[in-house]
Amino acid sequence: MPKISERAQNMPASPVRKLVPYALQAKQKGIKVYHLNIGQPDIETPQSALDAVKNNDLKIFEYALSEGNLEYRTALKDYYHTLGFTDLTTDNFIVTNGGSEALNFALSTLCDDGDEVIIPEPYYANYNGFASTFNVNVVAVTSSIDTGFALPPIEDFEKKITPKTKAILICNPGNPTGYLYTREELQKLADIALKHDIVIISDEVYREYVYDGKQQVSMFEFPEIADHCIIIDSESKRYSMCGARIGSMITRSKKIHDAAMLFAQARLSPVLLGQIAAAAAHQNDADYILKVRTEYTHRRNVLVDLLNGIPGVICPKPKGAFYCAVELPVDDTDKFAQWLLESYSHNNETIMVAPMSGFYSDPELGKKQVRIAYVLKEEDLRRSVELLNDALQKYKIEFSL
């Protein structure tokens with residue numbers, strides 16, 4: 001038998017997708033599954049993007065430029081100019097196959113085997129997978145549900161910095177917590193990056209979806225770290241076009257950009273049709289973004305209020321993205337999430353959630369937490385919470401909790 005690499009053996013399973021076989025089995029038994037586990041919005045993609053794909057007159061699906069085609073990079077540049085970053089040119093952007101590839105480029109550009117990246121946890125679970133792919137060690141700094149997952153004290157970051165530290169990686173607004181970092185918190189990160197000559201990688205793919213009149217503060221707003229900053233962006237959540245697989249890595253540092261381009265050239269090109277769709281979506285999109293933000297705000301309010309009405313459930317109100325990190329009155333949410341799909345149903349319906357053990361460096365820290373995505377319409381969210389409440393009561397009885 002061929003030997004499987006240590007890299008493959010050490011690759012962590014996705015906590016979002018590892019329960020998919022159980023969901024498929026439930027569906028085969030005729031059970032309806034409400035998917036609260038994955039950030040796949042039910043919001044329709046902008047019609048302009050769909051029309052651009054349907055009505056294109058391409059005769060050949062040729063390679064795109066490795067850095068992304070000029071038309072789309074121009075759309076990105078114009079978009080960032082509306083955010084106030086008017087110094088950016090098309091040369092600051094590398095178009096990628098989703099935000100995932102942008103993160104891969106960033107890590108592979110900055111890190112060698114055994115190097116370290118500091119990440120406040122809980123964090124997007126696939127950060128573990130990306131780091132593992134490049135033999136990079138994740139060093140976690142733990143935030144608490146008691147503070148709504150605010151940035152941990154900056155001293156906790158400072159204690160973790162070693163000669164192997166190459167970057168601090170944040171997600172703002174956060175996945176899985178929905179936390180929105182303040183300007184004061186980000187300034188502390190900028191200061192520490194300069195002090196220790198490391199890079200801030202800021203994953204800002206949920207930038208548009210912040211609530212209660214707040215505004216997302218980008219790491220690009222700190223000019224002193226122009227050479228110490230990488231922004232990760234994506235169209236997946238902004239325009240509900242996850243399958244288009246279009247993201248970007250953006251930096252003002254020519255040194256970082258030129259190094260990352262070597263990896264971009266090695267993988268040849270980003271998706272051509274995805275760029276066509278994304279460029280079209282960026283045209284006259286203000287009404288679309290406002291409408292979607294309003295819908296997510298309503299869904300968040302409904303979901304959080306209902307969840308906190310269940311005895312023993314704790315759910316801080318997220319300020320951005322479309323996720324809630326929720327503490328449940330169970331001993332192990334991995335077991336509970338599997339039980340929901342294998343053994344539970346009410347009127348032939350159940351829910352699928354993402355256990356948060358995989359969103360921490362130490363799985364024990366997430367044993368009582370799940371991530372719930374409010375990507376379903378209000379009616380489905382209300383029914384999902386009814387199912388969760390009923391399931392928790394039956395689980396408690398069945399396992400004598």
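Located above this text is the structure these notes cover.
The structure presented is a predicted model; accordingly, all values stated were derived computationally and were not measured.

Caption draft 1: Geometry of the overall build of the chain. Along the backbone of the chain there are 13 helices and 12 strands. In terms of its C-alpha atoms, the chain occupies a principal-axis envelope of roughly 60 × 60 × 55 Å. Residues classed as buried in the chain amount to 57% of the 401 residues present. For the chain, the proportion of contacts with a sequence separation of at least 24, taken over those separated by at least 6, is 76%. On the chain, the mean spot of the 42 positive side-chain charges and the mean spot of the 53 negative ones are 3 Å from each other.

Caption draft 2: Region of the structure containing the sheet that holds strand β11 (residues 354–355). The antiparallel open sheet is built from 3 strands, whose spatial order is β9-β12-β11. Of all strands in the sheet, those with a lone pairing partner are β9 (323–327) and β11, marking the two edges. With 2 bridges joining them, β11 and strand β12 (residues 369–373) adopt antiparallel strand pairing. By the bridge assignment, Pro355 is partnered in β12 with Val370.

Caption draft 3: Summary view of the nonpolar core. If you look at the biggest cluster of nonpolar residues, it comprises 132 residues, and the most contacted ones within it are Ile201, Met219 and Phe336. Those residues in contact with Ile201, other than ones at most four positions away along the chain, are Leu103, Ala106, Leu107, Leu110, Ala167, Ile168, Leu169, Ile170, Ile230 and Ile232.

Caption draft 4: Spatial organisation of the environment of Ala190. One can find Ala190 in helix α8 (residues 183–196). Owing to a relative accessible area of 0%, Ala190 belongs among the buried residues under this scheme. It is 10 Å that separates the C-alpha atoms of Ala190 and Phe220, two residues lying 30 residues apart in sequence. Ignoring sequence-local partners within four residues, the contact set of Ala190 consists of Met219, Phe222, Glu224 and Ile225.

Caption draft 5: Just the pattern of salt bridges, in detail. Applying the stated criterion to the full structure yields 21 salt bridges. Between Lys166 and Asp115 there is a salt bridge whose closest N-O contact spans 3.3 Å. Here Asp115 lies in the loop between α5 (98–110) and β3 (116–121) and Lys166 lies in strand β5 (residues 165–171), a separation of 51 residues in the sequence. Of the residues examined, Asp115 reaches a relative accessible area of 4% and is grouped as buried. Note that Glu204 is salt-bridged to Arg207, the shortest N-O span being 2.9 Å. On the basis of relative accessible area, Glu204 is assigned to the buried category, the value being 0%. When salt bridges that share partners are traced, they join Glu204, Arg207, Glu208, Asp233, Glu235 and Arg238 into one network.

Caption draft 6: Broad picture of the packing of helix α2 (residues 20–28) against helix α12 (residues 333–342). Two numbers describe how α2 lies on α12: the axes approach to 8 Å, and their chain directions differ by 20°. Here α2 is positioned roughly parallel relative to α12, judged by the angle of their axes. Of α12, the residues touching α2 (which contributes Tyr22, Ala23 and Ala26) are Gln338, Leu341 and Glu342. Among the residues forming the contact of α2 with α12, the class breakdown is 4 nonpolar, 1 polar and 1 charged.

Caption draft 7: Broad picture of the packing of α5 against helix α9 (residues 254–266). For the pair α5 and α9, interaxial distance at closest approach is 9 Å and the crossing angle is 115°. For the pair α5 and α9, the sense of crossing is right-handed. Residues Phe105, Ser108, Thr109 and Leu110 of α5 pack against Ile256, Ala259, Ala260, Phe263 and Ala264 of α9. Looking at the contact of α5 with α9 residue by residue, the classes come out as 7 nonpolar, 2 polar and no charged.

What counts and how
Residues numbered from 1 in each chain as written. Predicted model: local features only at pLDDT ≥ 70, side-chain atom pairs only at ≥ 80, totals over all residues. Heavy atoms only, no water. Helix = DSSP H or I, 4+ residues; strand = E, 2+ residues; numbered from the N terminus. Buried < 20%, exposed > 50% of the residue type's maximum accessible area, 1.4 Å probe, protein only. Contact = heavy atoms within 4.5 Å. Lys, Arg positive; Asp, Glu negative; His and termini not counted. Charge placed at Lys NZ, Arg CZ, Asp CG, Glu CD. Pairing = 2+ DSSP bridges. Core = buried A, V, L, I, M, F, W, Y, C linked by side-chain atoms within 4.5 Å. Salt bridge = Lys/Arg side-chain N within 4 Å of Asp/Glu carboxyl O. Axes fitted to C-alpha atoms, helices over the stretch in contact; angles between N-to-C directions. Parallel < 35°, antiparallel > 145°, perpendicular 65-115°, else oblique. Nonpolar A, V, L, I, M, F, W, Y, C, P; charged D, E, K, R; others polar. Left-handed = near helix turned anticlockwise from the far one by under 90°.

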